[in-house]
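Structure assessment
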Amino acid sequence: MTPKNPDATMIGGVEVSSPIWLAPLAGVTTRTFRSFHARMGAGLVHTEMISAVGLTYMNKKTRRLLGDEGESDPVALQLFGPDADSMARGAELALGERRFDALEINMACPMPKVTKRGAGASLLGRPDEARRMVSSLTGFGLPVWAKLRVTPRNGSEAGTEEFARGLLAAGAALLLVHGRTPAQRYEGTADKDRVRSLAARFPGLIAASGDYYAPQDALYYLDGGCVAVLAARGALRDAYLIPRTNAALGRGVPERLTDPTVADRAMALISLGRQGVADEGERLTLALMRRMLSGAFKGYYGAAAVRNACAACRDWPCMESVLSGVADAQCAPLR
Ligand SMILES: Cc1cc2nc3c(=O)[nH]c(=O)nc-3n(C[C@H](O)[C@H](O)[C@H](O)COP(=O)(O)O)c2cc1C
């Protein structure tokens, strides 16, 4: 399939403007956060993992997680669930609410509250059901993707490779591989070379996740044959990671996104916060802002004071006023 836009490429059956994507992040990749990073240049954004079984109740919270048609940039819907039937039912219900560009199955979440229900990374041990899940989604006319983790090393790559081969044979158009084992959870380092070796084994079919904190990390994955790279905690620590990586890839990126001033950074957070409060409420937005603030002004004089002042805020007007103070102080170079 060729892309309609000559500057775009087809990855995993979706037309994207960049191979640098926003990862699924529970409690973080809200509609507001997705739109923010799409404007920053992410080629595709993810919903957080949404329970396929929970979709049958379709309450207000679930609707909020799904977002709406107003999101014009490519969005992948990530679902988690215990079996193929609930996966297919969940996808049907979600697509009844809005359009998505790809359907993705979570086979990566290592947290017991997910794995003990037979979902997430527990599927790595149930390859037949995992393959059935992929097959059950292929009838919706959208590319089907799976996000998985590398399996523990047992002297060879055979485990992960065989599992991946099965998913591709069942109809998966792209596999997004996190280079940590389930037992590592989010600790230790991601094995980038194992992800690269899978990419060499399955050309054009592997996107990478794990320890992407600087543009060079993404370039390392792409140079190794991965077709896309997911920004996860890196995008939380540094809101400008995606544009800086796009610039390193030789894509035209405005200077205010590659070399933002302190004022630019503060203004970007204010705009994200305002939108978040309007769309998702104050509590979730304050929690997200605190996570982002841990790295937002890193390396700048006064960063710790701003972080502490924001941490002490109990409501958005307080945080906005601290950030406005930072934006107004632009005449005093902080760097
Ligand atoms: C707070 C948090 C929430 C996450 N939520 C999801 C999720 O909903 N679905 C998923 O597939 N992975 C999820 N992940 C995993 C990330 O998408 C990513 O694969 C992982 O963080 C590795 O990338 P990193 O080392 O660059 O952070 C989450 C990670 C974090 C830290």
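Residues numbered from 1 in each chain as written. Predicted model: local features only at pLDDT ≥ 70, side-chain atom pairs only at ≥ 80, totals over all residues. Heavy atoms only, no water.

**Thoughts on the domain arrangement of the chain**
Defined as follows: These domain limits were set by an automatic method or by a database of domain assignments. Whether two residues are in contact is decided by their heavy atoms, any of which lying within 4.5 Å being enough. Using a 1.4 Å probe, buried area is obtained as the accessible area two parts lose upon being combined, added over both of them. The rule for a salt bridge is simple: a side-chain nitrogen of Lys or Arg has to be within 4 Å of a carboxyl oxygen of Asp or Glu. Polar contact is the term for a pair of N or O atoms within 3.5 Å; when the atoms are in protein, one must be able to donate a hydrogen and the other to accept it, and sequence-neighboring residues count only if both atoms are side-chain atoms. Strands are runs of DSSP state E lasting at least two residues, helices are runs of H or I lasting at least four, and both sets are numbered from the N terminus onward. Residues are grouped as follows: Ala, Val, Leu, Ile, Met, Phe, Trp, Tyr, Cys and Pro are nonpolar; Asp, Glu, Lys and Arg are charged; every other residue, Gly included, is polar.
Under the domain assignment, the chain is made up of domain 1 (9–256) and domain 2 (260–331). Inter-centroid distance (C-alpha atoms) of domain 1 to domain 2 is 28 Å. Listed per partner, the contact involves 17 residues of domain 1 and 16 residues of domain 2. Contact with domain 2 buries area across many residues of domain 1, yet Thr32, Leu236 and Tyr240 alone supply 37% of it, more than any other trio. Summed over the shared surface of domain 1 and domain 2, the result is zero salt bridges. Joining domain 1 to domain 2, the criterion identifies four residue pairs in polar contact (both at pLDDT 80 or more). At the level of elements, α1 (31–40), α9 (233–237) and α11 (255–258) are the ones that each hand at least two residues to the side of domain 1 that touches domain 2. No other element matches the five residues that α1 contributes to the side of domain 1 that touches domain 2. Taken together, the residues that form the side of domain 1 that touches domain 2 break down as seven nonpolar, three polar and seven charged.

**Notes on the packing of aromatic side chains**
Just so we agree on the cut-off: Within 6.5 Å between ring centres, the rings of Phe, Tyr and Trp (the latter by its six-membered ring) count as paired, and their orientation is classed by plane angle as stacked under 30 degrees, edge-to-face over 60, tilted in between. Here's how the labels work: a residue is buried when its accessible area is under 20% of the maximum for its type, exposed when over 50%, partly exposed in between, all with a 1.4 Å probe on protein chains only. For a Lys NZ or an Arg CZ to count as sitting over a ring, it must be within 6 Å of the ring centre and within 35 degrees of the ring normal.
Taken as a whole and assessed by the stated rule, the structure comprises one aromatic pair. Consider the rings of Trp21 and Trp145, whose centres lie 5.3 Å apart with planes at 10 degrees: the pair is stacked. Of this pair, Trp21 sits in strand β3 (residues 20–22) while Trp145 sits in strand β8 (residues 144–149), placing them 124 residues apart in sequence. Since its relative accessible area comes to 0%, Trp145 is described here as buried. Its end group placed over the ring of Phe100, Arg98 keeps NZ or CZ at 4.1 Å from the ring centre. The ring of Tyr220 has Arg196 sitting right over it, with the charged end atom 3.9 Å from the ring centre.

**Describing the pairing of strand β6 (residues 75–80)**
Just so we agree on the cut-off: Strand pairing is defined by DSSP finding a minimum of two bridges between the two strands.
Within β6, six of the six residues are buried, which leaves the element mostly enclosed by the surrounding structure. Covered by surrounding structure in β6 are Val75, Leu77 and Leu79 together with Ala76, Gln78 and Phe80, the residues of both alternating faces. The pairing of strand β4 (residues 45–46) with β6 spans two bridges and is parallel. Each bridged residue has a counterpart across the sheet, and for His46 the counterpart in β6 is Ala76. Where strand β5 (residues 50–51) and β6 come together, two bridges link them in parallel fashion.

**Observations regarding the pattern of salt bridges**
Oppositely charged side chains are able to pair whenever their charged atoms sit close together. Taken as a whole and judged by the stated rule, the model has 16 salt bridges. The closest approach of N and O atoms between Arg196 and Asp193, which form a salt bridge, is 3.9 Å. Highlighted residues: Arg196 and Asp193, both in helix α7 (residues 192–201), separated by three residues, approximately one helical turn. The exposure class of Arg196 is partly exposed, given its relative accessible area of 22%. Given a relative accessible area of 44%, Asp193 falls into the partly exposed group. Connected through salt bridges with shared partners, the residues Arg34, Glu71 and Arg98 form a single ionic network.

**Considerations on the pairing of strand β10 (residues 206–209)**
Condition: We call a crossover right-handed when, viewed with the strands running away from us, the connection from the first strand over the helix to the second turns clockwise.
Neither face of β10 is left uncovered, since the one carrying Ile206 and Ala208 and the one carrying Ala207 and Ser209 both have all their residues buried. Where strand β9 (residues 174–178) lies against β10, four bridges are found, and the strand directions are parallel. By the bridge assignment for β10, Leu175 is matched with Ile206. In this region the chain leaves β9, passes through α7 and returns to the parallel neighbour β10; the handedness of that crossover is right-handed. Bridging between β10 and strand β11 (residues 228–231) involves three bridges; their strand directions are parallel. Across the sheet, residue Ser209 finds its bridge partner in β11, namely Leu230.

**Quick word on helix α5 (residues 127–137)**
In an α-helix, one turn spans 3.6 residues; hence positions three or four apart end up facing the same way. How we decide: For this quantity, the arc is that covered by the directions from the helix axis to the C-beta atoms.
What α5 keeps buried is the set Glu129, Ala130, Met133, Val134 and Leu137. An end-on view of α5 places all buried positions within 145 degrees of arc, on one side of the element. Those residues of α5 that are buried are in contact with α3 (84–97), β7 (102–107), β8 and α6 (158–169).

**With respect to the layout of surface pockets**
Short version of the rule: Within this scheme a cavity is a closed region of a 1 Å grid, computed over the protein atoms alone, that accommodates a 1.4 Å probe without allowing it to escape, whereas a pocket is open but has protein on both sides within 12 Å along at least five of seven lines; lining residues each have an atom within 4 Å of a point. Grid points are joined across faces, edges and corners, and a volume is the space filled by probe spheres set on the points.
Space inside the second largest pocket adds up to approximately 250 Å³. Along the walls of the second largest pocket sit Tyr213, Gly234, Arg237, Asp238, Arg244, Arg265, Ser294, Gly295, Ala296, Lys298 and Tyr300, which together make up its complete lining. When residues of the lining of the second largest pocket are traced back to their parent elements, those giving at least two are α9 and α13 (282–296). The element contributing the most residues to the lining of the second largest pocket is α13, with three residues. Among the domains, domain 1 (9–256) and domain 2 (260–331) are the pair contributing at least three residues each to the lining of the second largest pocket.

**A look at the nonpolar core**
Put simply, the test is: Side-chain atoms within 4.5 Å link the members of a nonpolar core, which is a set of buried Ala, Val, Leu, Ile, Met, Phe, Trp, Tyr and Cys residues.
Residues Trp21, Met107, Leu167, Leu175, Phe297 and Leu323 are the most contacted members of the largest nonpolar core, which totals 104 residues. The residue makeup of this core includes at least three contributed by each of domain 1 (9–256) and domain 2 (260–331). The contact partners of Leu323, leaving out residues within four places of it in the chain, are Ala266, Leu269, Ile270, Met289, Leu293, Phe297, Cys310 and Trp316. Core analysis: the next-biggest nonpolar cluster, separate from the first, contains five residues, Met49, Cys109, Val114 and Ala119 among them.

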